[in-house]
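As a plain string of letters, each chain reads:
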Amino acid sequence: MNYKINKKGFYGEFGGAYIPELLRRNIDELENAYLDILESKDFKSEYARLLDNYVGRPTPLTFARNLSAKYQTQIYLKREDLNHTGAHKINNTIGQILLAKHLGKKRIIAETGAGQHGVATATVCALFGLECVVHMGALDIERQAPNVARMQMLGATVIPSTSGNQTLKDATNEAIRDWIANPHSFYLIGSVVGPHPYPDMVSRLQSIISEEIKEQLAKEQGRQNPDCVIACVGGGSNAAGAFYHFIDEKEVDLIAVEAAGKGIDTSETAATITIGTTGFIHGSKTLLMQDDDGQIIEPYSISAGLDYPGVGPIHAHLAKTGRVKYISATDEDALIAAKVLAINEGIIPALESAHALAALDKMQFKKDEVIVVIVSGRGDKDMETYMNHF
Ligand SMILES: *Cc1c(COP(=O)(O)O)cnc(C)c1O
């Protein structure tokens, strides 16, 4: 229903492909090919095989016994933290690298903020023997040294973007420039953002999350649909994948949690849906944080993966139609939720995922309800932040 894009790649009023004319051919090539490839038998079997024996899927749906007792309901955790490389991002990069291979591409371009998508891209490029170039803001390179080292160890070239604030937005501009200069490369985007067909393509590749939840819940509870699914939103890919197969199931409440940073009434926030306005970013029409002159406001969150000034057009649309409820959690909320999960269930979540977990404290559930929270990634990368705080 709400996930269906029209021919031009719009979800309601949001989406589309607002790109430099020089990229038209690249985008057309991808748009004309992606559905046929994604739906081909070859692609499907190779994708399924890699998810199984390389990524480690299906990921468990863990019944959180102690958390359930604490909140007086039935809580399940979808364990994307157990994927190879530690988060859901690999579901997408595996899919896109296969697509690139089908299109005969030999060089992969990506941009990364926190470095998580860069690592997931470098990983699949190594696996497929393709050249990998990752654009990254010079400031982010300094802040995310371990991920830069990982990318380099995997054989990727990390190119610092030295323009602007030297963060994700600048790396995105450089990646697009690179693609224009090297049209035979494949641009591998890390979330449900960017020009059509990327948001649709990435949601389809992440939809494995809700596909598995349905099968797993049917076995556990005798019904495929939970009462509620909760996921965090940066660009929105783990949430899009987690909601995908429930969008038309009206009895399933869908909750997305944005990063409020230090609070939505401060200037240090990343709660795009809550405070954003309509504009254009990264080739699509969506909600974003901008000032009165249309200049993008640098977002802030304790969690680097949610620190994005826009949001996928799907989410702008789902917020507008009301199908998904968007709430926000502050840095403090997320830190507390991470600790609660760690001591109750023996799982240290990524700071991003801790935002989804923080929703449990803000909501009320009935005893027999079934709640699924997406643990989008593991917390190893965030230990320094946790150590400084606790
Ligand atoms: C990147 C990242 C996110 C945010 O990205 P989405 O596209 O919104 O899913 C969330 N959790 C983890 C662990 C991440 O690495």
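Residues numbered from 1 in each chain as written. Predicted model: local features only at pLDDT ≥ 70, side-chain atom pairs only at ≥ 80, totals over all residues. Heavy atoms only, no water.

Peer 1: I'd like to hear about the pairing of strand S9 (residues 228-232), residue by residue, with values.
Peer 2: With five of five residues buried, S9 lies mostly within the body of the structure. Of the strand pairs in this sheet, S9 and strand S10 (residues 253-261) are connected by five bridges, and their pairing is parallel. Each bridged residue has a counterpart across the sheet, and for Val229 the counterpart in S10 is Leu254. After leaving S9, the chain enters helix H11 (residues 237-243) and then returns to the sheet as S10, a path that is right-handed. Note: S9 against strand S14 (residues 370-375), three bridges, orientation parallel. The residue of S14 that forms the bridge with Ile230 is Val373. (Buried < 20%, exposed > 50% of the residue type's maximum accessible area, 1.4 Å probe, protein only. Helix = DSSP H or I, 4+ residues; strand = E, 2+ residues; numbered from the N terminus. Pairing = 2+ DSSP bridges. Right-handed = clockwise from strand over helix to strand, strands pointing away.)

Peer 1: Would you mind going over unusual backbone geometry in detail, with residue names and values included?
Peer 2: Between Arg57 and the following residue, Pro58, the backbone shows a cis peptide bond with an omega angle of 0 degrees. Here Pro58 lies in the loop between helix H2 (41-55) and strand S3 (61-63). The omega angle of the peptide bond from His196 to Pro197 is 15 degrees, so this bond is cis rather than trans. Residue placement: Pro197 occurs in the loop between strand S8 (186-187) and helix H9 (198-206). One non-glycine residue, Gln72, lies in positive phi territory at about 55 degrees. Mapped onto the secondary structure, Gln72 falls in the loop between helix H3 (65-71) and strand S4 (74-79).

Peer 1: Can you explain the pairing of strand S12 (residues 284-288)? Please cite residues and give values.
Peer 2: For S12, the tally of buried residues reaches four of five residues, placing the bulk of the element in the interior. Between strand S11 (residues 277-281) and S12, which pair antiparallel and follow one another directly, the connecting turn spans two residues, one of which, His282, has a positive phi of 55 degrees.

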